[in-house]
Amino acid sequence: MITGIGGQDGSYLAELLLDKGYEVTGVVRRSSAPNLWRIEHLLDRVSLRPGDLLDQLSLMRIVQDVRPDEFYNLAAMSFVPASWDQPLLTGEFNSQGVTRVLEAIRQVDPGIRVYQASSSEMYGRVREVPQTELTPFYPRSPYGVSKVFGHYITVNYRESYGLYACSGILFNHESPRRGLEFVTRKVTDGVARIKLGLADHLSLGNLDACRDWGFAGDYVQAMWMMLQQDEADDYVIATGISHSVRQLVEAAFGHAGLDWQRYVRTDPALLRPAEVDHLIGDASKARRVLGWEPAVGFDRLVSMMVDADLARLGGAAGRVR
Ligand code: NAP
Ligand code: GDD
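As a starting point, this report considers the structure included with it. (Residues numbered from 1 in each chain as written. Chains lettered and ligands numbered in written order. Predicted model: local features only at pLDDT ≥ 70, side-chain atom pairs only at ≥ 80, totals over all residues. Heavy atoms only, no water.)

Some details on the site of ligand 1
Asp-9, Arg-29, Asp-52, Ser-78 and Tyr-143 are the nearest of the 24 residues found near ligand 1. Here a nitrogen atom of ligand 1 and a backbone polar atom of Leu-53 are 3.1 Å apart. Note that an oxygen atom of ligand 1 is positioned 3.4 Å from one of the backbone N or O atoms of Ala-76. Those elements that place two or more of their residues in the shell around ligand 1 are helix H1 (8-19), strand S5 (113-119) and helix H5 (142-161). The element that contributes the greatest number of residues to the shell around ligand 1 is S5, accounting for three residues. Tallied by class, the residues present in the shell around ligand 1 amount to nine nonpolar, ten polar and five charged. (Near = heavy atom within 4 Å. Polar contact = N/O pair within 3.5 Å; in protein donor to acceptor, adjacent residues only side chain to side chain. Helix = DSSP H or I, 4+ residues; strand = E, 2+ residues; numbered from the N terminus. Nonpolar A, V, L, I, M, F, W, Y, C, P; charged D, E, K, R; others polar.)

Following this line, the structure appears as structure tokens:
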């Protein structure tokens, strides 16, 4: 069972589990216009159930009906800037939503294994470099704060009730299916638009921020591996290599044969009230215990994303012309 199956990670995880022969059920919240474009190609192979992290009864009912072996809680309000606009709702989704999931599992069937999508954003103003499972948290956004609660309530249900509950502390991971508001996809989409004559510039915020960017397809493998161990535990998942937004921009424009300095503008309105300056993860524990290794590096990730946006918009540009 996957909450957030229609999101970036949910779509890759559903593919991975189907390939392994799992029956996959996705939990989707009701919307007047369904947002299932990332799993359109899977719709005949997964079953979808209506449910919402805000609604305890819906979660209990679905868990009771389906009785999954594994529950991956990926649903969240995941865009950091939006968390300053809606801090209470962010907490309802990302903090109490996790408690609702854990409580549904505890009450219906405490044998269900559960994965919680925790985040490197919890490290915020980092206390040590690189960050490990033991690095103290110092979140810098309502999103980060909400994820710290989600992490600790997962650990607490493991320790209080013996649930097999894992918290995966994942560093930023991207793909051609990334939402357009996140910086990697905003950049690769912008590069494709400029290259195809659909735009003449790209506005960005802080170019100095550094992130440890990996490929989402690699990261969902780690989620699955965490639920196949003898004992539940928490793991950092990261590449161990960090790049600045400026380096991301250079790589993406460079891949399309463009000089980024001619097209990129900085807009102070895109700066955040409090920034996370530099994230870099140490995934030695995941390597040692799970045998997990990322396969896709930064340059390949960026070129894959630029190529995908060029291919997607190439048709649109042709139609516009
Ligand atoms: P995403 O693309 O934004 O997907 C989030 C999913 O959650 C969407 O399918 C969304 O459905 C669903 N959702 C939101 N609120 C919900 C609710 N109240 N009830 C049910 N479903 C709800 O995010 P992602 O990049 O795949 O990330 C997956 C998880 O990993 C998130 O928890 C995120 O915070 C965490 N994470 C991500 C990264 C990363 O770099 N991608 C790193 C660390 C942690 P709608 O279509 O209805 O909005
Ligand atoms: N989104 C965005 N848009 N970010 C920008 C821009 C811009 O125009 N210009 C610069 N940035 C900088 C941000 O200030 C931030 O430092 C960095 O680019 C990355 O921003 P995002 O791609 O929005 O990701 P994030 O790091 O805030 O959050 C993502 O990663 C977390 C894990 O560390 C999300 O996926 C979270 O859900 C996830 O938990």
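There is more to say, and it comes next.
A look at the side chain of Thr-188
Mapped onto the secondary structure, Thr-188 falls in helix H6 (residues 183-195). Judged by its relative accessible area of 1%, Thr-188 is buried. Ignoring any residue separated from it by four or fewer positions in sequence, one finds Thr-188 in contact with Val-302, Met-305, Val-306 and Asp-309. (Buried < 20%, exposed > 50% of the residue type's maximum accessible area, 1.4 Å probe, protein only. Contact = heavy atoms within 4.5 Å.)

A closer look at the packing of H6 against helix H8 (residues 245-255)
Two elements in contact, H6 and H8, have axes separated by 10 Å at closest approach and are oriented at 30°. For the pair H6 and H8, the crossing hand works out as right-handed. Between H6 and H8, the contacting residues are Val-183, Thr-184, Val-187, Val-191 and Ile-194 on the first element and Val-245, Leu-248, Val-249, Ala-252 and Phe-253 on the second. Here the residues of the contact of H6 with H8 sort into nine nonpolar, one polar and no charged. (Axes fitted to C-alpha atoms, helices over the stretch in contact; angles between N-to-C directions. Left-handed = near helix turned anticlockwise from the far one by under 90°.)

Regarding the packing of aromatic side chains
Under the defined criterion, the tally for this structure stands at ten aromatic pairs. The interplanar angle of 85° and the centroid separation of 5.4 Å between the aromatic rings of Tyr-219 and Trp-292 together place this pair among those described as edge-to-face. A residue pair is termed long-range when its members are at least 10 positions apart, and Tyr-219 in helix H7 (residues 216-226) and Trp-292 in the loop between helix H9 (284-290) and helix H10 (298-320) qualify at 73 residues. Note on Tyr-219: relative accessible area 0%, which makes it buried. For the pair Phe-253 and Tyr-263, a centre-to-centre distance of 6.1 Å together with 10° between the ring planes defines the contact as stacked. Of this pair, Phe-253 sits in helix H8 while Tyr-263 sits in the loop between H8 and strand S13 (264-266); the two residues are ten residues apart in sequence, bridging distant segments of the chain. By relative accessible area, which is 0% here, Phe-253 ends up buried. Three or more aromatic residues link up through ring pairs in this structure, and these residues are Tyr-123, Phe-137, Tyr-152 and Phe-171. A cation over a ring is seen here: Arg-178 above Phe-182, with NZ or CZ 3.9 Å from the ring centre. One Lys or Arg, Lys-285, reaches over the ring of Tyr-235 and ends 5.0 Å from the middle of that ring. (Phe/Tyr/Trp six-rings, centres within 6.5 Å; stacked < 30°, edge-to-face > 60°. Lys NZ or Arg CZ within 6 Å of the ring centre and 35° of its normal.)

Remarks on the site of ligand 2
In the vicinity of ligand 2 there are 23 residues, among which Ser-119, Ser-120, Tyr-143, Arg-272 and Glu-275 approach most closely. A distance of 2.6 Å separates an oxygen atom of ligand 2 from a polar side-chain atom of Glu-275. When the free accessible area of ligand 2 is taken as 720 Å², the share hidden by the protein chains comes to 95%. Grouping the amino acids of the shell around ligand 2 by side-chain chemistry returns ten nonpolar, six polar and seven charged. Taken together, domain 1 (2-173 + 213-237) and domain 2 (180-211 + 242-278 + 297-320) each give at least three residues to the shell around ligand 2, which thus spans both. (Areas by Shrake-Rupley, 256 points an atom, 1.4 Å probe, with all protein chains shown as cover. Domains from an automatic or database assignment.)

Description of the environment of Arg-140
Looking at where Arg-140 falls in the secondary structure, it is placed in the loop between S5 and H5. Residues Arg-140 and Met-122, 18 residues apart in the sequence, show an inter-C-alpha distance of 7.7 Å. With near-sequence residues (within four places) excluded, Arg-140 lies in contact with Trp-84, Gly-124, Arg-125, Ala-274, Glu-275 and Val-276. One polar contact links the side chain of Arg-140 to the main-chain carbonyl oxygen of Glu-275, over a distance of 3.0 Å.

Looking at the sheet that holds strand S6 (residues 165-170)
Taken together, seven strands build an open sheet; the order of strands is S3-S2-S1-S4-S5-S6-S11 and the sheet is parallel. The open sheet is flanked by strand S3 (46-50) and strand S11 (235-237), the only strands paired with a single partner. Relative to strand S4 (residues 70-73), strand S1 (residues 2-3) is paired through two bridges, and the arrangement is parallel. Residue pairing in the sheet places Ile-2 in a bridge with Tyr-72 of S4. (Pairing = 2+ DSSP bridges.)

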